[in-house]
Amino acid sequence: MTQAATPHPSADGRWLALRLAPELFAADVPVADGQSACIVVQQGRIVWVGPQDQVPAAYQALPAHDGGARLATPGLIDCHTHLVYGGERANEFAMRLAGASYEEVARAGGGIVSSVKATREASEEELIAQALPRLDQLLAEGVTAIEIKSGYGLSLEHERKQLRVARHLAELRGVTVRTTFLGAHALPPEYAGRSQDYIDLVCRDIMPALAAEGLIDAVDVFCERIAFSLAETEQVFQAAQALGLPVKLHAEQLSNMEGAALAARYGALSCDHIEHLSENGIAAMRDAGTVAVLLPGAFYTLRDTKVPPIDGLRAAKVPMAVSTDHNPGTSPALSLLLMANMACTLFRLTVPEALAGITRHAALALGLQHEQGLIAAGRPANFVLWPVRHAAELAYWFGNKPDCTVVRQGRIARVGG
Ligand code: DI6
Ligand code: FE
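These figures come from a predicted structure and were not determined experimentally. (Residues numbered from 1 in each chain as written. Chains lettered and ligands numbered in written order. Predicted model: local features only at pLDDT ≥ 70, side-chain atom pairs only at ≥ 80, totals over all residues. Heavy atoms only, no water.)

**Q** Can you help me understand helix H4 (residues 112-121) in this one?
**A** Each α-helix winds once per 3.6 residues, and so residues spaced three or four apart point in a common direction. Residues of H4 that are buried include every one of Ser115, Val116 and Thr119, and no others. Taken around the axis of H4, the buried residues stretch over an arc of 105°, which confines them to a single face. Along H4, the residues that are exposed and aim more than 90 degrees away from the buried face are Lys117 and Glu121. (Buried < 20%, exposed > 50% of the residue type's maximum accessible area, 1.4 Å probe, protein only. Helix = DSSP H or I, 4+ residues; strand = E, 2+ residues; numbered from the N terminus. Arc of directions from axis to C-beta.)

Following this line, the structure appears as C-alpha cells:
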C-alpha cells in the first residue's frame, strides 16, 4: 500500500510582501496595485487578507512568512479529469500519426475500451501508483482541488475501485478531490449492442450502490452519437436526481445533441467540451447557472476545428472554466497552465477569462465556490505564490513549470525559488 507522504509544515502565520491582483483573485480586498499585501492563516484557514500595513493588531505577533514580492493567487482547480486509469495509449497516438482512423484504432482494440481493459486488470494499489505521478505534476503547478471521474471500470466492482482510488489520492496528498461517477462513459464489451440494458444496470444497481458508499459527489454522462443518447442521458440524470446527486455532462463535443439544454433542465453544475453548443444550449445554461467547461487539450489532440461559441457564452455571461480533461486518449495533458494558454490561443479567451477559468469558475463547476477559487477570509488556506511580474504570465508562458510556493489545505505543500 502506498505510504502517506510526511505531513507538510503548517502554513499558519502572516504571509507578507505579497502582490495581489484583487480584480482577479480576491474580490473586495482593498489592496491597490503595487501595494504589499498580507494573508493571515490560523488553524489552516485564511482569517484575514489585505494591505500589509493594515494587519489587525490581533495578528501582529503571529510568525511571519516572507512572500518575496511574489504574486499570490488562489490555488488552481482542475475541474474535469479522468486521472485514474490503467496503462496508457501512446500506441494509438503513433497509429493515428501513421494515418489510422479512429475506427481502425477501435478495431485494433484501442479507444476507451482499451483503457477499460487495463483499468479492470489493475489493482487499487496499482492504480494509485500510476495516478500519483500524474497528480503530483498537477500539484507542483499549484492545483489545490481536482475533479476525478470514474468511467474506465464500467462495472460495479471496477467503478467502485476507481472512485475509491480517487478518495485515497485526496488523503495521500492533502488535496480536495471531487469524485464524479461516469459509468455512462462507454458501453462495456459485455454489453455490446445492449446499450439500454447497460444504462438500466448503471441506474438501478451501480450508481445507488456507490452513492450509498459515499463515493460519488456528482454524476456525468458522455452524451454523443458514439456514446449515449439524450434519452439514456436523461435516465441517468433522473437516477442521480433521485439520489440527490448533482449532474454534469460531456456535451456537444462532436455534434449537437442538445445535451446542454437537457443538462440545464436538471440544474447541471457544468456542461463540458461544448464545441457544438447551440444558441438554445447557451440560453439554457445561462438560465440554469450552468458553467461552460472548455477542454482545449481534447480539441488540440483531436485536431478539432469547431471552436466552442465563446462570443455567445461571453455575451450571455455564462461562466467559463478551463480544465485539462486529463485522460489517456484525447487529452494526456498534465499542465493546467498550458490549458490556460491554449484556451487563449485556440479559443481566444482573454487572460482574465482564462485565469478565472482555472480558479473561481472551475470552483463553481465543482460546487466549491464557497471553499476555493478566491483568496478570502473564512476559507481553507489554498493559495499559490508565483515568481512572475504579471498575472498574464500564468497564461503566457507554455511548457513552463513556474517554481511556485504552494499552500494547500493550510499546509506548506511546496516551497518555490
Ligand atoms: N470525451 C473524450 O474526449 C474522452 N471521453 C469523453 O467522453 C475520451 C476518453 C478516452 O479516449 O479514453
Ligand atoms: Fe472528459
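**Q** Before we go on, may I ask you to explain the packing of aromatic side chains in this structure?
**A** The geometry of two aromatic rings is summed up by the distance between their centres and the angle between their planes. A complete count under the given rule lists seven aromatic pairs for this structure. Taking 5.7 Å as the distance between ring centres and 85° as the angle between the ring planes, the aromatic pair formed by Trp15 and Phe383 counts as edge-to-face. Within this pair, whereas Trp15 is found in strand S1 (residues 13-20), its partner Phe383 is found in strand S14 (residues 383-386), the two being separated by 368 residues in sequence. Overall, Trp15 belongs to the buried group, its relative accessible area being 4%. On the basis of relative accessibility, which here comes to 0%, the residue Phe383 falls in the buried class. Ring centres of Tyr396 and Trp397 lie 4.6 Å apart, and the angle between their planes is 65°; this geometry places the pair in the edge-to-face category. Looking at Tyr396, the relative accessible area reads 52%, which means it is exposed. Trp397 sits in the partly exposed class, given a relative accessible area of 40%. (Phe/Tyr/Trp six-rings, centres within 6.5 Å; stacked < 30°, edge-to-face > 60°.)

**Q** Is there a simple way to explain the pattern of salt bridges in this structure?
**A** Opposite charge on two side chains allows them to pair when their charged atoms are near. The final tally for this structure, using the stated rule, is 16 salt bridges. Among the salt bridges present, the one from Asp136 reaches Arg173, with a minimum N-O distance of 2.6 Å. Note that Asp136 is positioned in helix H5 (residues 124-140) and Arg173 in helix H6 (residues 156-173), a separation of 37 residues in sequence. On the basis of relative accessible area, Asp136 is assigned to the partly exposed category, the value being 27%. For Asp217, the salt bridge is made with Arg167, and the minimal N-O distance between the two is 3.0 Å. Of this pair, Asp217 sits in the loop between helix H7 (195-212) and strand S9 (218-222) while Arg167 sits in helix H6; the two residues are 50 residues apart in sequence, bridging distant segments of the chain. Among the charged side chains, a salt-bridge network with shared partners connects Glu147, Lys149 and Asp220. (Salt bridge = Lys/Arg side-chain N within 4 Å of Asp/Glu carboxyl O.)

Interpretation note: all reported values are geometric properties and have no functional meaning in isolation.
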